[in-house]
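# Commentary on secondary and tertiary structure
What follows is the residue order along each chain.
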Amino acid sequence: MLKDASFLRRALLTRHSVLPGFDLALGFTVLYLSFIVLIPLSAAFLKTATMTWPAFWDAVTAPRVLASYRLTFGASLGGALINAVFGLVVAWVLVRYDFPAKRFIDALVDLPFALPTAVAGIALTALYAQNGWIGQFLPFKVSFTPLGVFVALTFIGLPFVVRTLQPVLEDLHKEFEEAAATLGASRWQTFRLVIFPILAPALLTGFALAFARALGEYGSVIFIAGNMPMVSEITPLLIITKLEQYDYQGATAIAVVMLVAAFILLLGINALQGWARSRQGR
Amino acid sequence: MTTTPVPLAPPRLRNATTEPAWVKWTLIGVALAFLTFFLFIPLAIVFVEALKKGWGVYLAAVVEPDAVSAIQLTLIAAAISVPMNLVFGVAAAWCIAKFEFKGKSLLLTLIDLPFSVSPVISGLIFVLVFGLQGWFGEWLRDHDLKVIFAVPGIVLATVFITFPFVARELIPLMQAQGTEQEEAARVLGANGWQIFWRVTLPNVKWALLYGVILCNARAMGEFGAVSVVSGHIRGQTNTMPLHIEILYNEYQFAAAFAVASLLALLALVTLGLKYAVEQRVKHQKRDATTGVNE
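Since we're looking at a predicted model, the values are computed, not measured.

### Regarding the overall build of chain B
Check the secondary structure of chain B and you find 13 helices and zero strands. Start at the N end of chain B and walk to the C end: the helices and strands fall as α-α-α-α-α-α-α-α-α-α-α-α-α. For 294 residues, the compact-globule estimate of 2.2 N^0.38 gives 19 Å, and the C-alpha radius of gyration of chain B, at 26 Å, exceeds that figure by more than 25%. Seen through its C-alpha atoms, chain B measures out along the principal axes to roughly 95 × 65 × 30 Å. Counting only residues that meet the buried cut, chain B has 49% of its 294 residues in that class. If you take every contact in chain B between residues at least 6 apart in sequence, the share linking residues at least 24 apart comes to 73%. Approximately 14,000 Å² of chain B is accessible, and the part contributed by carbon and sulfur atoms is 65%. Averaging the coordinates of the 21 positive side-chain charges in chain B and doing the same for the 19 negative ones gives two points 8 Å apart.

As structure tokens, this is what we get:
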């Protein structure tokens, strides 16, 4: 069998297999991945490599760009924090309690994944505008301010914390809580000292996923933000603005900064997930 | 004569592993209030605003030629990108789940990459490759081909954005299912395609459908990436989300929400299907990790 194994099999397989199709499947996967993802992505890095370092630095640290980072990172962080707090409550309620229409509500939690961002954008803008259903009751402006950016980023990050916490909560052994109660812990102590430490890695993962998603978000934000330079202009919009002015280098330089931030987050999230799995003893 | 034993009245003790009722209902209240403000009301307002000026305006907005061509383009983009990523997802899952090879974890990370790239940047990279100033820009112009500001660019950006969906649903399930059934089929003399069609595919069909549903929803709803490569030519390179943006910026709110309501309906259908399929996948995963292999 080994004799007639192909070059790819001999070079890559670490365990012998009788199943066919490895060469074809891996070859196609790598080719498709390269053409659709890797080569186009490398274009961004190669484009910035043609810039001189000072030109790159000026492009990515101009005051208007810095203001957009502050808004994007700040609002993403705020949205992810709100989602961490309320997502924990929602996940807890959905796993632990019974109440009317629970299944329906559970299914609807994924709405921000399924609803196109442009639809979410105009819906939130209409709601939080000064004459909108919610906006008219608020003493301050939300639509067309940085606060609007925060609202949109909270919406799109909502499912992440809930969906990472739910399976962990479902698998939680009741014995831990019983043991804590037997040893005289109050319910709050049990939550704080027993349940929460088990949930913490998943909570942090959900938080990081929501944050990462918010950093790159565009569609739901641009309608509600008002898009004033230095005030309510997010970084992805700034990239588009530069593109429309045919400043390809400027746009790509900012894109590379955002890409690097996203990749660092991705590595962090992978590490977090590994930690979460080892915490759960899997 | 039998009498059922009368249980002693239980002492008024609270179950030590549940919360007092007031805590429970407060938490439910908080959760529902949060979801109401951030989910239910935004969903409701789409339909309310769409029908504000009556069914006549609603229908007119949906059957108007620009809207129809936007709907067509959205369907075309999804009809091309979903099958492409479906084939890719199956191929990737086959080699990753059924074989042990060097560089596997790197491959897994790279497959997830498009999820962490901002939609705007996903569009930008295709402009850098196929745009007039890009790598193939001059060659494409000389041969009178258009990718950016045309349908191929929209399809490419959509393929990129929805790249991991099918693969990431299939891989964990197929890894959990292992290779024993396929190996048995092989030993019994089945060839590769027979193994795939008769053993592997029936085992993963629900996860496959699940991935396709998610992939399709994202393909039809993508806004940022498509916005960068489309050029916004009415009646030609406008997808439904881009059409919504144009209507909204022209203050045609009822029309914008009418088209938006179609996409919101699609989202609801997606969630319904997703929920139904999710139950089946859960069963299959449980079978894969317990029963069958023992």
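### Focus: the overall build of chain A
Scanning chain A for helices and strands turns up 13 helices and zero strands. Across chain A, helices and strands are ordered from the amino to the carboxyl terminus as α-α-α-α-α-α-α-α-α-α-α-α-α. For 282 residues, the compact-globule estimate of 2.2 N^0.38 gives 19 Å, and the C-alpha radius of gyration of chain A, at 24 Å, exceeds that figure by more than 25%. Overall size of chain A, expressed as C-alpha extent along the three principal axes, is 75 × 65 × 35 Å. Per-residue burial for chain A yields a buried fraction of 55% across its 282 residues. Carbon and sulfur atoms provide 68% of the accessible area of chain A, an area that totals close to 12,600 Å².

### Regarding helix α9 (residues 174–182) of chain A
Residue and element names in this part refer to chain A. The complete set of buried residues in α9 reads Glu-177, Ala-180 and Ala-181. Across the axial projection of α9, the buried residues extend over an arc of 100°, all falling on one side. Buried residues along α9 sit against α4 (63–96) and α10 (187–216). Gly-184 sits one or two positions beyond α9 and adopts a positive phi of about 95°.

### Side note on the interface of chain A and chain B
When the parts come together, some accessible area is lost, and that loss is often what is quoted as the size of the interface. Taken together, the contacts link 92 residues of chain A with 87 residues of chain B. Surface buried jointly by chain A and chain B totals about 8,300 Å² across both partners, of which 81% is contributed by carbon and sulfur atoms. Taken as a group, Leu-19, Tyr-32 and Tyr-97 of chain A account for 8% of the area that chain A buries against chain B, more than any other trio of residues on that side. Seen at the junction of chain A and chain B, the total is two salt bridges. Of the charged contacts in the structure, one is a salt bridge between Glu-19 of chain B and Arg-187 of chain A, with a shortest N-O distance of 2.5 Å. Counting every contact that joins chain A to chain B gives 12 residue pairs in polar contact (both at pLDDT 80 or more). Along the lines of polarity and charge, the residues of the side of chain A that touches chain B split into 69 nonpolar, 13 polar and 10 charged.

### Concerning unusual backbone geometry
Residues and elements named next belong to chain A. For Asn-227, which is not glycine, the phi dihedral falls at a positive 55°. Within the secondary structure, Asn-227 is located in the loop between α11 (219–225) and α12 (235–244). In this structure, Met-230 takes a positive phi of about 75° despite not being glycine. With respect to the helices and strands, the residue Met-230 is situated in the loop between α11 and α12. Residue classification places Met-230 among the partly exposed positions, given a relative accessible area of 48%.

### Notes on the pattern of salt bridges
Under the criterion given, the structure shown has 18 salt bridges over all chains. Here Asp-247 of chain A and Lys-242 of chain A are joined by a salt bridge, their closest N and O atoms 3.9 Å apart. For Asp-247 of chain A, a relative accessible area of 28% corresponds to the partly exposed category. Three or more residues joined by partner-sharing salt bridges are found here, namely Asp-106, Asp-110 and Arg-163 of chain A together with Lys-274 and Glu-278 of chain B.

### Let's talk about a nonpolar patch on the surface
On the surface, Leu-31, Phe-35, Ile-39 and Leu-46 of chain A together with Trp-135, Phe-136, Trp-139 and Leu-145 of chain B cluster together into a nonpolar patch covering about 840 Å² of accessible area. Among the elements that make up the nonpolar patch, the one with the highest residue count is helix α2 (residues 22–49) of chain A (four residues). Mapped onto the elements of the fold, Leu-31 of chain A is located in helix α2. Assessed through its relative accessible area of 51%, Leu-31 of chain A is described here as exposed.

### What to know about the packing of aromatic side chains
Residue and element names in this part refer to chain A. By the definition in use, this model includes 25 aromatic pairs over all chains. A centroid spacing of 5.9 Å and a plane angle of 25° characterise the contact between Trp-53 and Trp-57, whose relative ring orientation is stacked. In this pair, Trp-53 and Trp-57 are both assigned in helix α3 (residues 53–60), four residues apart and thus about one turn of the helix distant. Assessed through its relative accessible area of 46%, Trp-57 is described here as partly exposed. The ring of Trp-92 has Arg-96 sitting right over it, with the charged end atom 4.7 Å from the ring centre.

### Considerations on the side chain of Ser-34 of chain A
All names here are of chain A. Structurally, Ser-34 can be placed in helix α2. Among the polar contacts made by the side chain of Ser-34, one reaches the main-chain carbonyl oxygen of Val-30 at a distance of 2.6 Å. With sequence-adjacent residues up to four places away left out, Ser-34 is seen in contact with Ile-39 and Pro-40.

### Observations concerning the side chain of Lys-274 of chain B
Note on placement: Lys-274 of chain B falls in helix α13 (residues 253–289). Not counting the four nearest positions on each side in its chain, Lys-274 of chain B is found in contact with Asp-110 of chain A together with Tyr-210 and Leu-214 of chain B.

### Topic: the environment of Asp-66 of chain B
Residue and element names in this part refer to chain B. In this structure, Asp-66 sits in helix α3 (residues 65–98). Sequence separation between Asp-66 and Gly-235 is 169 residues; the distance between their C-alpha atoms is 4.9 Å. The contact partners of Asp-66, leaving out residues within four places of it in the chain, are Arg-234, Gly-235 and His-243.

Reading guide: rules and limits
- Residues numbered from 1 in each chain as written.
- Chains lettered and ligands numbered in written order.
- Predicted model: local features only at pLDDT ≥ 70, side-chain atom pairs only at ≥ 80, totals over all residues.
- Heavy atoms only, no water.
- Helix = DSSP H or I, 4+ residues; strand = E, 2+ residues; numbered from the N terminus.
- Rg over C-alpha atoms; globule rule 2.2 N^0.38 Å.
- Buried < 20%, exposed > 50% of the residue type's maximum accessible area, 1.4 Å probe, protein only.
- Contact = heavy atoms within 4.5 Å.
- Areas by Shrake-Rupley, 256 points an atom, 1.4 Å probe, with all protein chains shown as cover.
- Lys, Arg positive; Asp, Glu negative; His and termini not counted.
- Charge placed at Lys NZ, Arg CZ, Asp CG, Glu CD.
- Arc of directions from axis to C-beta.
- Buried area = accessible area lost by both parts, 1.4 Å probe.
- Salt bridge = Lys/Arg side-chain N within 4 Å of Asp/Glu carboxyl O.
- Polar contact = N/O pair within 3.5 Å; in protein donor to acceptor, adjacent residues only side chain to side chain.
- Nonpolar A, V, L, I, M, F, W, Y, C, P; charged D, E, K, R; others polar.
- Patch = residues over 30% accessible without salt bridge, like charges linked within 9 Å, V, L, I, M, F, W, Y side chains within 5 Å.
- Phe/Tyr/Trp six-rings, centres within 6.5 Å; stacked < 30°, edge-to-face > 60°.
- Lys NZ or Arg CZ within 6 Å of the ring centre and 35° of its normal.

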